[in-house]
Every structure is written in C-alpha cells, then in structure tokens.
Amino acid sequence: MFIRTEDLTYTYFPGTPFAVEVLRGVNLSIARGSFTVLLGPSGSGKSTLLQHFNGLLQPSGGRVYVDGEPLGYSRRELLQLRQKVGLVFQEPESQFFAETLFDEVAFAPRNFGLSPAAVDKRVQRALQLVGLDDAAFLAKSPFRLSAGQQRLAAIASVLAMQPQALILDEPTAGLDQAAQDRLFALLQELNREQGITVIVVTHRLEQVVPLAHHFLVMVEGRIIMEGSAAEIFSRPDVLERCGLALPPATRLMQELAAAGLPFSTAIFSLEEARAEINAWRERRAQR
Amino acid sequence: MPEILLEARKLSFTYPGEDGESPPALEGIDLKVAAGEYVALIGPNGSGKSTLLKLFNALLLPTAGEVFFDGRSTADARNIPYIRACCGMIFQNPDNQIVGATVEEDVAFALENQALPPPEIRRRVSEALELLGISHLAASPPHLLSGGEKQKVALAGVLAAASRCLLLDEPTAMLDPAGQAAVLETLQMLNRQRGITLVHVTHFPEEAALAHRVLVLHGGRLVKEGPPAEVLADLPLLRALGLKSTAAAELAWLLREDGFPLPRGIVHNRELVEQLCSYARRI
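Residues numbered from 1 in each chain as written. Chains lettered and ligands numbered in written order. Predicted model: local features only at pLDDT ≥ 70, side-chain atom pairs only at ≥ 80, totals over all residues. Heavy atoms only, no water.

Moving on, we come to the overall build of chain B. Of the regular secondary structure elements, chain B holds 11 helices and 10 strands. Along the longest, intermediate and shortest principal axes, the C-alpha atoms of chain B span 70 × 50 × 35 Å. Here the analysis covers contacts within chain B between residues at least 6 apart in sequence; of these, 63% occur between residues at least 24 apart. Total accessible area on chain B stands at roughly 11,900 Å², and carbon and sulfur atoms take up 53% of it. Each charge class in chain B can be summarised by its mean position, and for the 26 positive and 34 negative side chains these summaries are 5 Å apart. (Helix = DSSP H or I, 4+ residues; strand = E, 2+ residues; numbered from the N terminus. Contact = heavy atoms within 4.5 Å. Areas by Shrake-Rupley, 256 points an atom, 1.4 Å probe, with all protein chains shown as cover. Lys, Arg positive; Asp, Glu negative; His and termini not counted. Charge placed at Lys NZ, Arg CZ, Asp CG, Glu CD.)

Counting its secondary structure elements, chain A contains 12 helices and 10 strands. Over its C-alpha trace chain A gives a radius of gyration of 21 Å, about what one expects of a compact globule, namely 19 Å for 287 residues. When the backbone C-alpha atoms are referred to their principal axes, chain A occupies close to 75 × 50 × 35 Å. Counting the 287 residues in chain A, one finds 54% classified as buried. Expressed as a percentage of contacts within chain A between residues at least 6 apart in sequence, the contacts between residues at least 24 apart total 62%. Working note: accessible area of chain A is about 12,600 Å², and carbon and sulfur atoms make up 48% of it. The averaged location of the 31 negative side-chain charges in chain A is 1 Å from the averaged location of its 28 positive side-chain charges. (Rg over C-alpha atoms; globule rule 2.2 N^0.38 Å. Buried < 20%, exposed > 50% of the residue type's maximum accessible area, 1.4 Å probe, protein only.)

This brings us to the pattern of salt bridges. If you walk through the whole model with that rule in mind, you get 23 salt bridges over all chains. Here R4(A) and E6(A) are joined by a salt bridge, their closest N and O atoms 3.2 Å apart. The class of R4(A) is partly exposed, set by a relative accessible area of 30%. The class of E6(A) is partly exposed, set by a relative accessible area of 32%. Across the pair E257(B) and R274(A) runs a salt bridge whose closest N-O atoms are separated by 3.7 Å. Placement of E257(B) in helix α10 (residues 247-257) and of R274(A) in helix α12 (residues 270-286) is noted, with the two residues assigned to different chains. The network of salt bridges with shared partners includes E271(A), R274(A), E257(B) and D258(B). (Salt bridge = Lys/Arg side-chain N within 4 Å of Asp/Glu carboxyl O.)

A few words now on the domain arrangement of chain A. All names here are of chain A. Looking at the assigned domains, one finds that chain A contains domain 1 (3-92 + 163-243) and domain 2 (247-287). Taken over C-alpha atoms, the centre of domain 1 sits 32 Å from the centre of domain 2. Across the contact, 7 residues belong to domain 1 and 4 residues belong to domain 2. Between domain 1 and domain 2 lies a buried interface of about 530 Å² when both sides are counted; carbon and sulfur atoms form 79% of it. Considering only the surface of domain 1 that becomes buried against domain 2, E206, V209 and F233 emerge as the three largest contributors, covering 57% of it. If you look at where domain 1 meets domain 2, you find 0 residue pairs in polar contact (both at pLDDT 80 or more). Per element, the largest residue contribution to the side of domain 1 that touches domain 2 is 3 residues, and it comes from helix α9 (residues 229-233). (Domains from an automatic or database assignment. Buried area = accessible area lost by both parts, 1.4 Å probe. Polar contact = N/O pair within 3.5 Å; in protein donor to acceptor, adjacent residues only side chain to side chain.)

With that out of the way, let us pick up the side chain of E207(B). Tracing the chain through its elements places E207(B) in helix α7 (residues 205-208). Although E207(B) lies buried, it forms no salt bridge, and the closest oppositely charged side chain, R204(A), sits 6.7 Å away as judged by the N-O distance. At a separation of 2.7 Å, a polar atom in the side chain of E207(B) contacts the side chain of T202(B). Sequence-distant contacts of E207(B), that is, excluding residues within four places in its chain, are made with Y38(B), T172(B), Q180(B), L184(B), H200(B) and T202(B).

All names here are of chain A. Mapping Y73 onto the fold places it in the loop between β5 (69-70) and α2 (75-84). With 132 residues separating them in the primary sequence, Y73 and L205 have C-alpha atoms 35 Å apart. For Y73, the residues in contact, after removing those within four places along its chain, are G55, L57, Q58, P59 and L78.

This part is about helix α7 (residues 177-192) of chain A. All names here are of chain A. The end-to-end C-alpha distance of α7 is 22 Å, a good match for the 22 Å that 16 residues give at a rise of 1.5 Å each. Those residues of α7 lying buried are Q177, A179, Q180, L183, F184, L186, L187, L190 and N191. Looking at the buried positions of α7, the neighbouring elements they touch are β3 (35-39), α4 (116-130), α6 (147-159), β7 (165-169), β8 (197-201) and α8 (205-208). (Expected span 1.5 Å × (residues − 1).)

Right under this line is the structure:
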C-alpha cells in the first residue's frame, strides 16, 4: 500500500465554538501505481482528506502512512514527503506568480536546493510530460497561456518534484471538452507509463470511469463505499442519497431499462451502451 | 416580434495591450436576445464567451460596433448604472463575488450601494432569499455554506438588485452534482415563472440542452445558432470544434452510424427512450 489511513479524524477550530469535525474516522488504503477516484458531495471532507496525504494538515486523531511509514511533521520530514506526494489544488493556476513559465515550474526544484542544471532538466521533463515543451512557451508569462494550458502548466510545476503520487482536486473545473480530454489522457499516461499513483477528486465521471481502478465514496467525513466502477455504480440509490451523479451513459441505460427495455445498467461508457443496444437489435432482427 | 432586451451590432473587441498580430477576442458579432429568452453560449476555452458576457453589462466596452441593453447603448456612460442594475453577472466561483459577513448583508450589498431606504432594502432582501429558498440561511456566514448554497446567495444578491437579465459564466463548474442540479432548477424557475432573461455560458452540453436557443462561438465569431435539437444534434460541427454533445445525442449519432433507424434531433434522454420504445413496438 502506498497511502493508508487509520481512524483518521480532523477537526477545524478545535476547542472553539466554531469546532467542526470534518473527518470522522477515515480508514482507507491506496495501492502503489493505482488510479483512485474519490467521490463525495461538497463539504464531505474530500479536500481536507487530500491535504493529509502530503502533510499540509496534521490529523487531530489517527494516523496517515505513506510508503509504509507513519508521517512525521518535522520540517525535514515534510520536505521529503512533498517530493513523494504532489498535490494539485483546485484552480491551481490561481497560484501562478512567476514571470515566465520556466520560473514557475522551476520554483519547487529550486526550493529543494537542486543545481541549476538539475533544475533545468526537471523543468524540461515536466513540461514534456504535459506537452508544453515547445521552446516558445518557456519564456512566456504563464498568465498568457490558454485556460487549458494554464492547468497543464500548474500540473507540470507539481510534476517537477518528480512525485510518486499525484493528487488532483477537481482538475477539470472550467476547462472545455478538448482540454478535459487532454488532461485525462495525461493522467492516464502518468499512471500507466510512468507508474505514478493517481488520486483524483472529480464529479465528472464520464472520462474518469474507464481510467480508474478504485473508487472511494466519502460522505460526512467517512468512507461509506469503495470498490470498482461496477460495484459503486450498481447502487444508484446510495449515490443519489449522497447527492452524487451516475456516469451519463449509466443514467441513460437506467432510463431505458426503466421504460421496460431489456438493457443492462452496468454500463459506464457510450461505447458500451452502443454495443448493448446493437446486440439487442440483432437479437430482435433474428426472431 | 418579441421585445429585444440585448443586442450586439457588428460587435468586435480586442483586449488592450495585445500586440497587433493577435486576433480580436470577438469579431463581427450580430446577435439579438429577446426578453424572457434562455440562451446558452457554448464554445472552446478562449472562444470569447466570457468576453461577450462582460460586453453585455458594460464591464468591457466594444472596440468596434455597439451593444444595447433595452435599447440603450453601453457606449453612453449615462446608461451604465441602469444596465448594471438590470443585468447582473454570476461568475464561476461564487467566492469571487461574495463580500458580506452574513448572507443577508451580502445580498443587501448592491442595494446599499444604490442608497435605497433601509425598509426597501429589507423587503427586497427577504424577497430574494425566499425566492431562492434560502431564507433559513439569512444569518449564516457565507464561507461556511456549500458551493451550491453560495451560488444561490450570489443569485439572490443579483436578483435583489432587480435584475431582469442574468449573465451566467459557468455558474455550476465548481459545484457537486446536487449543487449543480439545485442551481439549474433555480435558473429554470427564474426564467419560466419570473420571465428573467438568461444568457448562460457552459461547457456542459446537458446544461445547454435546457435553453431555448444555443449559440456557438469559435475564434471570436458566432459560427452557429439555433434550438438545442438543431445545434446539439450537429455532431460534425461540435466535434470539429472539440466539443461534445449530450449523452443521448452522442449515442443516437453512434447508433445511426451503425444503421439504426433513428431520426435526427435527439438531444434529451427521454427522446432516445421514446424512439427505442417505439422501435421495440414496431419490430
């Protein structure tokens, strides 16, 4: 297991009248090299949980393990942890500050004290991974990139730490279809080709379902369901009660099945739906 | 002819400071939106959707051409307070437009700026909160609300200022499915019951399908407009622009390619359900 939590609890503003217990005993395991999707309504504690994985928040109770070791919170330990586990916040491009794309992506490697040559190499590699390695980009202000390119550049600045795990909080918000497709293709490549453990919080299921190995459903600070897509989406009642959506293809097949048509509802993509309906049509034609 | 509320005539806009070679953000837009209409605006990132919204309520002024709200040009500075009061903007991230320490104070912000008498402000705020079903949150601090609730607070603030028209820039992009559903339901209620005109920028084809009319922007130009059944069923156009349609439209297109006898214009799930059920009865 790469990331594991044991009875993890977290309370904001403890000991004050504003105390809110956001994590209420989270137990989870995330395998090395896996692609995990964390689902849950807003306010369920997803972002709070993610911030425990790279030590931005310290548990109020319980433990977090990364790579088999319980997390320590000294400056040195945190520095090491953050090279292992990279976190991409919501709207990460709002944190841009540097004058050029190169300086933006070089910020973390420089802070880790790498030599200029090593920094150069890290930046090139990270930008190559996200497809922004055209020399013309390097001297460009990150603020002058398109929305999709900005998101990719923000991810590159985390990849420049060469993390073993990449965690992304709502990475597609505000991106158009083409940019979303590019982003998920990147995550798939990082996971399958580079062996990076990927953990994504997203509400947009249609693209992520075919990529993911493992789903966690979080409600009110607890993991209430986990498993494969088939296991999770076979319980639409639970998902609906939690304010979560089904993949659009699954919803469509459920509406067809509810109208009396003999279709499976364990279908998560339009291609699967197409095959299911065509097979039905052939069976009817043969009668 | 219905009353025209918003109009763009030969509208072009170039962001200041851009070198001469960069293309204008919008070019040659001619467009009319009727009072009470619900218009969806789709297109890739950078196609000019947000720029067009900002031109509609005079946050930006045209480089060439003109924009009219209720017959008044945004070029005349004397019209701007009227236009801004009638034509409110809702952004993607409600955190960017919430300023009050409580929901009530936030919703009252624009009204206080308009120097309305306090009893009038109180009346309008409680009306707006009631309309959006968030009266129980009046005393809550906005930062402790969910995303969907915050977006309703932002809508209440704009509506309390007596907006007849809402300009919505991806209002559900930051919300979870429940928050998204709640905001979409609210928008439809405002349009149908209150006759509020909506111009809704979205990346979600399922949202565009709710509108009366869909406009497609690409490279700063209006490349297609029509009812959802026409625009969202035009898969070749959408694909050429890197856009997708609704799940029902995409699936109907794939099935038609496979020789399934389906008519054009399927956009909503219920339409595909009807077609497949009628096929099952016939064959």
